Amino acid sequence: MKALETMAEDLADFKIIKEGAAEILMHAKNEVFYNKTQVNNRDMSIAVLRTFISKRREEHEAMLSKRAHSTQKVSKKDASGSSLEKASSDFLVNSKSDRECEVPEEISRDVPCDISDEPMKTADVKVRKELKPPRVLEALSASGLRALRYAHEVEGIGQVVALDNDQVSVDACRRNIKFNGSIAISKVESHLVDARVYMLSHPKEFDVVDLDPYGSPSVFLDSAVQSVVDGGILMCTATDMAVLCGGNGEVCYSKYGSYPLRGKYCHEMALRILLGCIESHANRYKRYIVPVLSVQMDFYVRVFVRIYTSASAMKNTPLKLSYVYQCTGCDSFHLQPIGRTISKNNSVRYLPGFGPVVPQECNDCGKKFNMGGPIWSASIHDQEWVTSILENVKSMKDSYPAYDRISAVLTTISEELPDVPLFLSLHNLCATLKCTSPSAVIFRSAVINAGYRISGSHVNPLGLKSDAPMHVIWDIMRCWVKNHPVKAQAPEQPGSVILAKEPILQANFARAMASLSKAQAKKVARFLPNPERHWGPKLRAGRQITDKHISLLGPEVVNGHLSHENGEEPDVKRQKTEDTANLTSTS
C-alpha cells in the first residue's frame, strides 16, 4: 500500500510530454528547462540533420568514385612499363593497405573523413572504406528531449552525446533516456561536464555539434568550432535578440565582435553577425565556414554551417565580411567590403577593400551615416540544401509536429535572393516620403521593369531584397509620388530633400510576370501566426514564477502556479490524486 502511495505521489509530480517520437518526464517544479516554443527549432534541426546525412553519403560515394578512377589511371600507366610510375602505384596501394585516410586537398575540404575499412572487390584496390554513422554532440541538453528525438527520428544516426553542467538536468536526462526504451539507451549517453571543457578535449571528433543555449552562444563558439570534424556541421542558436538587434550595441560588440544597427533589417543583421562571429572563431584554427541554412524564427536566430580546414581558403574571409553604413535620415544602407582581390598571371593578391563607399552626407537626403558591423555579407543559405531540406520535410510531413511552420519558412527562404545582404522595407520608404504605399506587386514590377531582381525575405513579411542601388529605389518612389502627390513638408525633412530632385529613371509600373513569387502565385502560406497566445521564450530553469511573468506565461499559468504554491491544488492535479486514491482503495 505504501509503495502504491509513493508511486502515485511520484507520478503526480511529473507530467509526460510527447514531441515527435520521444517522450520525457517533466517535474511540476521549474527545475529543468523545457520550452514548447522550440519545437520549431527541433523540427528544423532534424530536417537539416537528415539532409546532412544524405549529402555526406553522396560526397563519400563521389570521393570513392574519383579515387577508383585515379587508381585505374595508375594501373594503365603501370601496364606501359614505367618503373617510376610503378613505384608510385605501389606506394599508393601500400598506403591504402595501411588504412590511412589520405584524401586530396580539394576533396578533403568537401568530404568528412570519418571512415572505417571494408573490403572492396576491385583488381587494384584491396580496401574499401565505409562511412561510420555520424556522431552528434548536444552541448546543452537540459531534459535531453532534442537528443532523444535525434536518436529516435533520424535514420542512420550514430552516438548522441548529451552534456550539461547541472546535476538536476543530467538526472532528468538519464531518467528520460531510460523512459524512452532500448533505442535511446543504446544511442544516447548523458554526462555531467562543462561543455566547453568537453569540446576542447575532443577535437575534431563529432560530425554534428548542436549549440542551443539560453541566451548567447558566444562563450561556446571557440571550443565548438574545434570539436567538429572536417566537413561536419555546427548548428547554433542565439536567443539574445535584444543585444543582436541593437538594444545594447556595446554588449553585442563585446560578445560577437560586431556593432548592430537598429534598422528594419535588424533580425537579418543578427543572423549575419552570428555567422561572422563563428567565422572569426574558426579562422583562429585555419578553418572556415560554409552556411547551408540560416533562419530567424520566433524569438531567436538559428544557423547551420559546415566547417572545413584550409589555410588557403581561409584567406577569402575578408571578402565575405562588410561594414554597413545606414543613413540616419532616410534609412538607406550601403555595404563596405573589408577586403578585395587582384588576379594576375594565375596568382591572387589579397588587398584591403576600397573606401569609403559613402560620402560624409547621404546623397539622397543629406543626413549623416551610422556605421555598424562587420557582418557576414556573403550568402547565408545554400539553395541546393534548402531545396533538399524542403523536399524531405514535405515527403515526411507526419514526422514533424511543426510541419506547417517550418515548411512555410523554408518555402520563403527558397525564394530569397541568395546574394543580396539585408533588405528594404516598403513601408519605411513611404514613411520617409509621407506618401501612400504602392502594393508590393506594383513596387516589385517597377524594380523588375528597371532591369533588377527583387524577392521577399523570410525575416519580415514586408521586407524586399533587391540588387537595385538606392538611387534607383528612390527614383521609383519619386515617380510614384508624382502620380500620388503628398502634402508639403518642411524643406529640411529627408522626404522633402529626396522629392526635390528629379528622377533620372522613369519607372514603369506595368505588371511584370515575375512580380509574384511561385509560392504567392500558388497561394502557399509563407508567414503563419503563432499557434497560441504567449508564444515565446519561457522562464530559465530554477527561476521563481511570480505575477510579473503574466505577459510571458499567461495569466492562467501564473495564477495556477501561485495558487498551487499557496496550498490550493489545481483541479487537474486534484482529479489525478482522487483517481489514484480510488485505484489504491480498490487494490
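It should be noted that the structure appears before, not after, this text.
Calculation notes
Residues numbered from 1 in each chain as written. Predicted model: local features only at pLDDT ≥ 70, side-chain atom pairs only at ≥ 80, totals over all residues. Heavy atoms only, no water. Salt bridge = Lys/Arg side-chain N within 4 Å of Asp/Glu carboxyl O. Helix = DSSP H or I, 4+ residues; strand = E, 2+ residues; numbered from the N terminus. Buried < 20%, exposed > 50% of the residue type's maximum accessible area, 1.4 Å probe, protein only. Pairing = 2+ DSSP bridges. Axes fitted to C-alpha atoms, helices over the stretch in contact; angles between N-to-C directions. Parallel < 35°, antiparallel > 145°, perpendicular 65-115°, else oblique. Left-handed = near helix turned anticlockwise from the far one by under 90°. Contact = heavy atoms within 4.5 Å. Nonpolar A, V, L, I, M, F, W, Y, C, P; charged D, E, K, R; others polar. Core = buried A, V, L, I, M, F, W, Y, C linked by side-chain atoms within 4.5 Å. Phe/Tyr/Trp six-rings, centres within 6.5 Å; stacked < 30°, edge-to-face > 60°. Lys NZ or Arg CZ within 6 Å of the ring centre and 35° of its normal.

Q: Run through the pattern of salt bridges, naming residues and quoting values.
A: Per the stated rule, a full pass over the model turns up 23 salt bridges. Here Arg42 ties to Glu19 by a salt bridge, and the two come within 2.5 Å at their closest N and O atoms. On the criterion of sequence distance, the pair formed by Arg42 in helix H2 (residues 39–79) and Glu19 in strand S1 (residues 14–19) is long-range, its members being 23 residues apart. For the residue pair Arg42 and Glu19, the accessibility class agrees, reading buried in each case. Among the ionic pairs, Arg287 bridges to Asp230, the shortest N-O distance being 2.7 Å. In this pair, Arg287 is assigned in strand S10 (residues 287–297) and Asp230 in strand S9 (residues 228–238), connecting sequence segments 57 residues apart. This pair shows no difference in class: Arg287 is buried, exactly as Asp230 is. A single network of salt bridges, built from pairs that share partners, joins Glu19, Arg42, Asp43, Arg149 and Glu153.

Q: Can you tell me about the sheet that holds S9, naming the residues and giving the values?
A: By definition, the strands of a sheet pair up through backbone hydrogen bonds, in either a parallel or an antiparallel sense. On the basis of which strands lie adjacent, the open sheet formed by seven strands has the order S7-S6-S5-S8-S9-S11-S10 and mixed pairing. Two strands lie at the open edges of the sheet, namely strand S7 (188–192) and S10, each paired on one side alone. The average angle at which neighbouring strand axes cross in this sheet is 15°, direction not considered. Here five bridges tie strand S8 (residues 206–211) to S9, and the two strands are oriented parallel to one another. When the sheet's bridge partners are listed, Val209 is paired in S9 with Leu234.

Q: Mind laying out the sheet that holds strand S13 (residues 333–337), listing which residues take part and the relevant values?
A: An order of S13-S12-S16 is seen for the three strands of this open sheet, with the pairing classed as antiparallel. Looking along the sheet, the strands with just one partner apiece sit at the ends: S13 and strand S16 (369–376). Mean inter-strand twist for the sheet, computed between neighbouring axes without regard to direction, equals 25°. In this structure, strand S12 (residues 321–327) lies alongside S13, joined through five bridges in antiparallel fashion.

Q: If you had to explain the packing of helix H9 (residues 218–227) against helix H12 (residues 266–283) to someone new, which residues and values would you point to?
A: H12 packs onto H9 with a crossing angle of 45° between their chain directions and a minimal axis gap of 9 Å. Considering their axes alone, H9 and H12 lie oblique with respect to each other. Like other packed secondary-structure pairs, H9 and H12 cross with a definite hand, here right-handed. Each of Ser218, Leu221, Asp222 and Val225 in H9 lies in contact with H12, whose residues at this interface are Cys277, Ile278, His281 and Ala282. When grouped by side-chain class, the residues that make up the contact of H9 with H12 number five nonpolar, two polar and one charged.

Q: With reference to specific residues and values, describe the environment of Lys315.
A: Among the structural elements, Lys315 can be located in the loop between strand S11 (300–309) and S12. You can call Lys315 partly exposed: its relative accessible area is 48%. Sequence separation between Lys315 and Lys286 is 29 residues; the distance between their C-alpha atoms is 9.3 Å.

Q: How would you explain the side chain of Ser45 if you had to name every residue and give the values?
A: Tracing the backbone through its elements, the reader meets Ser45 in helix H2. Taking relative accessible area as the criterion, Ser45 reaches 0% and is therefore assigned buried. Excluding anything up to four places from it in sequence, Ser45 contacts Arg146, Tyr150, Asp210, Met235, Arg302 and Phe304.

Q: Can you tell me about unusual backbone geometry, naming the residues and giving the values?
A: For the peptide bond that leads from Gly355 to Pro356, omega is -5°, which places it in the cis range. If you trace the backbone, Pro356 turns up in the loop between strand S15 (347–352) and S16. Going from Gly373 to Pro374, the amide bond is cis rather than trans, its omega being 5°. In this structure, Pro374 sits in strand S16. Non-glycine residue Asn346 carries a positive phi angle of around 65°.

Q: Break down the nonpolar core for me, citing the residues and quoting the values.
A: Ranked by size, the top nonpolar core spans 78 residues in total, and within it Met199, Leu211, Leu234, Leu244, Ile278, Phe443 and Met477 carry the most contacts. Counting residues per element, this core draws most heavily on H12, which supplies ten residues. Dropping the residues within four chain positions of it, Leu211 is found in contact with Ala139, Met199, Phe220, Leu221, Ala224, Leu234, Met235, Cys236, Thr237 and Arg302. The next biggest cluster of nonpolar side chains, apart from the first, holds 47 residues, and it includes Ile17, Val48, Val295 and Val409.

Q: Can you lay out the packing of aromatic side chains for me, pointing to particular residues and giving the numbers?
A: Geometrically, a pair of aromatic rings is defined through the distance of the ring centres and the angle of the planes. Tallied over the full model, the rule gives six aromatic pairs. Taken together, a centroid distance of 5.1 Å and an interplanar angle of 70° make the contact between Tyr265 and Phe333 edge-to-face. Pair noted here: Tyr265 is in the loop between helix H11 (249–256) and H12 and Phe333 is in strand S13, with a separation of 68 residues, a long-range link. Here Phe333 falls in the buried class, since its relative accessible area comes to 13%. The residue whose ring lies beneath Arg340 is Phe354, and the NZ or CZ to ring-centre distance is 3.6 Å.

Remember that the coordinates give geometry; whether it matters functionally is a separate question.
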